[in-house]
Amino acid sequence: MAVLILAEIEPTDTWFNTFITQLKKKQPNLDLRVWPECGNPEEIEIVLAWWPPLGVMLRFPHLKLIISLGASVDKILADPDLPDGIPIVRLFSQSKTGQMVEYVTLAVLLFQRRFIEYQAWQRSQRWKYLPALDASSLTVGILGLGVFGSRVAQHLAAMRFPVRGWSRTPKAIAGVECFHGQEQFQVFLSKCQVLVCLLPLTPQTEGILCHETFSALPPGAYLINVGRGKHLVEADLLNGLDSGQIIGACLDVFHTEPLPRDHPFWSHPRIIITPHIAAPGQPDEIASVIIDTINCSRSGKPLDYAIDRNLGY
Ligand code: NDP
Ligand code: OXD
């Protein structure tokens, strides 16, 4: 039986090329196929999916497992023809989590140490001192206290930032003030000078970074979105920046990726853009995690990080 990589991969994509090479090296007898070369559809047992083309998985009558090649599953669940009852697992690795912690920490520090302003001033050769904000006086709020959010929260708390987090169900994380549910959302937001989105994209979280949310933050708050582009109402961010309610934003994910060339975010002086690179993980380590997951599935062992389709994450 075969494993199919179902993703629209650019032939020049170095991450994917290294990942595929490592999979073959680590398990030479693996019958690995790469979309669109899937061979006999009857032979596909496991799909490794990253932003998969819609309607394809339905063609595999003996499909037993879908492994997301990312931590999220929104693009997999978006397939209206997704076959029922097949387990879906998400991907995690130490390098992925470590990269997310690094990315969010860097984005917070760029704001705290006022690099956003200094960068703008560099362009006009302006030499001017701004008082640094002390970590202990800058509250960071994390939307989502899952695998990534909880690690990021703990790391920032260890750096002396007051950290608060928000999740669907109650949590207890040492050093982090935890809030949950709609009823605690406003009180959570009321002190977040930096707001980090690490939520999964679901019908409940889509558009959560909107005017109403921004208005509940202290004036001059900073936004970091590493969740999904559709968490953000883009026009509301531009309005928030114009009014000063939002002082700046660091964005890694967008409604349309790659971000279209004529998008206003590109040239906005207070928006930092990165091309969905917060936490890809190291391809050789990810290949080992995938091989372990395939072997667990084949030997009937329980699988880590299985998602709940009803919750959407
Ligand atoms: P998890 O599933 O582990 O955690 C999700 C968290 O969000 C949980 O704490 C959950 O609450 C909370 N949550 C979900 N729905 C709601 C809701 N309606 N109201 C309040 N809280 C909610 O996710 P991960 O930490 O693994 O990943 C989060 C997201 O980060 C991914 O889905 C992906 O979109 C993004 N990501 C981005 C990457 C990038 O490179 N930019 C890389 C990897 C991930 P509870 O715990 O109570 O269930
Ligand atoms: C993601 C990932 O889900 O890179 O964005 O894992």
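First things first, this report covers the structure right here in the doc.

Notes on the side chain of Q112
Within the secondary structure layout, Q112 lies in helix α3 (residues 94-112). Given the relative accessible area of 9%, Q112 is considered buried. Look past the residues within four positions of Q112 in its chain and what remains in contact with it is L133, D134, A135, L138 and F161.

Comments concerning the sheet that holds strand β12 (residues 271-273)
Sheet architecture is open: seven strands sit in the order β8-β7-β6-β9-β10-β11-β12, paired in parallel fashion. For this open sheet the edge positions go to β8 (176-180) and β12, each flanked by a neighbour on one side alone. Neighbour-to-neighbour, the strand axes of the sheet open up by a mean angle of 15 degrees, direction not taken into account. Across four bridges, the pairing between strand β6 (residues 140-143) and strand β7 (residues 163-167) is parallel. Counterpart to G141 in the pairing with β7 is R164.

Notes on the site of ligand 1
For ligand 1, the set of nearby residues contains 29 residues, the closest of which are R90, T169, K171, D252 and Y313. In the environment of ligand 1, a nitrogen atom lies 3.0 Å from a nitrogen or oxygen atom belonging to the backbone of R168. One of the side-chain nitrogen or oxygen atoms of K171 is found 2.7 Å away from an oxygen atom of ligand 1. In the complex, the protein chains occlude 92% of the 940 Å² of accessible area that ligand 1 would expose alone. Broken down by secondary-structure element, the contributors of at least two residues to the shell around ligand 1 are α5 (147-158) and β7. Among the residues making up the shell around ligand 1, the classes are represented as 15 nonpolar, nine polar and five charged. Shared between two domains, the shell around ligand 1 takes at least three residues from each, and those domains are domain 1 (2-93 + 281-299) and domain 2 (94-273).

Quick word on the packing of aromatic side chains
Under the defined criterion, the tally for this structure stands at eleven aromatic pairs. Taking 5.6 Å as the distance between ring centres and 35 degrees as the angle between the ring planes, the aromatic pair formed by W50 and W51 counts as tilted. Taking the relative accessible area as the measure of exposure, W50 reaches 24% and is therefore partly exposed. Among the aromatic residues, those joined into a cluster by ring pairs are W166, F179, F185 and F188. The ring of W121 carries R126 above its face, with NZ or CZ at 4.6 Å from the centroid.

A few points about the site of ligand 2
Near ligand 2 the following residues occur: W50, G70, A71, S72, K96, R228, H276 and A279. Within the backbone of A71, a nitrogen or oxygen atom sits 2.7 Å from an oxygen atom of ligand 2. One of the side-chain N or O atoms of H276 is found 2.8 Å from an oxygen atom in ligand 2. Within the shell around ligand 2, the residues separate by chemical class into three nonpolar, three polar and two charged.

What to know about the pattern of salt bridges
All told, the structure shown has seven salt bridges when counted by the stated rule. Residue E45 pairs with R298 through a salt bridge whose shortest N-O separation is 2.7 Å. Taken together, the positions of E45 in strand β3 (residues 44-50) and R298 in helix α9 (residues 283-298) put the pair 253 residues apart, joining distant regions of the chain. The partner of R160 in a salt bridge is D134, and the shortest N-O contact between them spans 3.3 Å. With a gap of 26 residues between them, R160 in the loop between α5 and β7 and D134 in the loop between α4 (115-123) and β6 connect regions that are remote in the sequence. If you follow the salt bridges from partner to partner, you end up with D31, R33 and E43 in one network.

Here's the deal with the packing of helix α1 (residues 14-26) against α9
Relative to each other, α1 and α9 sit at 45 degrees, their axes nearing to 8 Å. Considered as vectors, α1 and α9 are oriented oblique to each other. With respect to the hand of their crossing, α1 and α9 are arranged in right-handed fashion. Residues W15, T18, F19, Q22, L23 and K26 of α1 form the contact with α9, whose own contacting residues are P283, D284, I286, A287, S288, I290 and I291. By residue class, the composition of the contact of α1 with α9 is eight nonpolar, three polar and two charged.

Here we look at the environment of S243
Along the chain, S243 falls in helix α8 (residues 234-243). Residue classification places S243 among the exposed residues on the basis of a relative accessible area of 56%. Considered as a pair, S243 and G220 are 23 residues apart in the sequence and their alpha carbons are 9.3 Å apart.

Structural notes on α3
Here α3 spans 27 Å end to end across 19 residues, near enough to the 27 Å set by a 1.5 Å rise per residue. One or two steps after α3, the chain reaches R114, where phi turns positive at roughly 65 degrees.

Brief notes about the sheet that holds strand β4 (residues 65-68)
A sheet is described by the order of its strands in space; here five strands give the open sequence β2-β1-β3-β4-β5, paired in parallel fashion. What marks the edges here is a single partner per strand, and that holds for β2 (32-34) and β5 (88-89). With two bridges connecting them, β4 and β5 associate as parallel partners. Looking across to β5, one finds that I67 is bridged to V89. Packed on one face of the sheet, α1 meets β1 (2-7), β2 and β3 and runs near 175 degrees to β1. Contacts from α9 reach β1, β3, β4 and β5 within the one sheet, and its direction differs from that of β4 by about 160 degrees.

Rules used throughout
Residues numbered from 1 in each chain as written. Chains lettered and ligands numbered in written order. Predicted model: local features only at pLDDT ≥ 70, side-chain atom pairs only at ≥ 80, totals over all residues. Heavy atoms only, no water. Helix = DSSP H or I, 4+ residues; strand = E, 2+ residues; numbered from the N terminus. Buried < 20%, exposed > 50% of the residue type's maximum accessible area, 1.4 Å probe, protein only. Contact = heavy atoms within 4.5 Å. Pairing = 2+ DSSP bridges. Axes fitted to C-alpha atoms, helices over the stretch in contact; angles between N-to-C directions. Near = heavy atom within 4 Å. Polar contact = N/O pair within 3.5 Å; in protein donor to acceptor, adjacent residues only side chain to side chain. Areas by Shrake-Rupley, 256 points an atom, 1.4 Å probe, with all protein chains shown as cover. Nonpolar A, V, L, I, M, F, W, Y, C, P; charged D, E, K, R; others polar. Domains from an automatic or database assignment. Phe/Tyr/Trp six-rings, centres within 6.5 Å; stacked < 30°, edge-to-face > 60°. Lys NZ or Arg CZ within 6 Å of the ring centre and 35° of its normal. Salt bridge = Lys/Arg side-chain N within 4 Å of Asp/Glu carboxyl O. Parallel < 35°, antiparallel > 145°, perpendicular 65-115°, else oblique. Left-handed = near helix turned anticlockwise from the far one by under 90°. Expected span 1.5 Å × (residues − 1).

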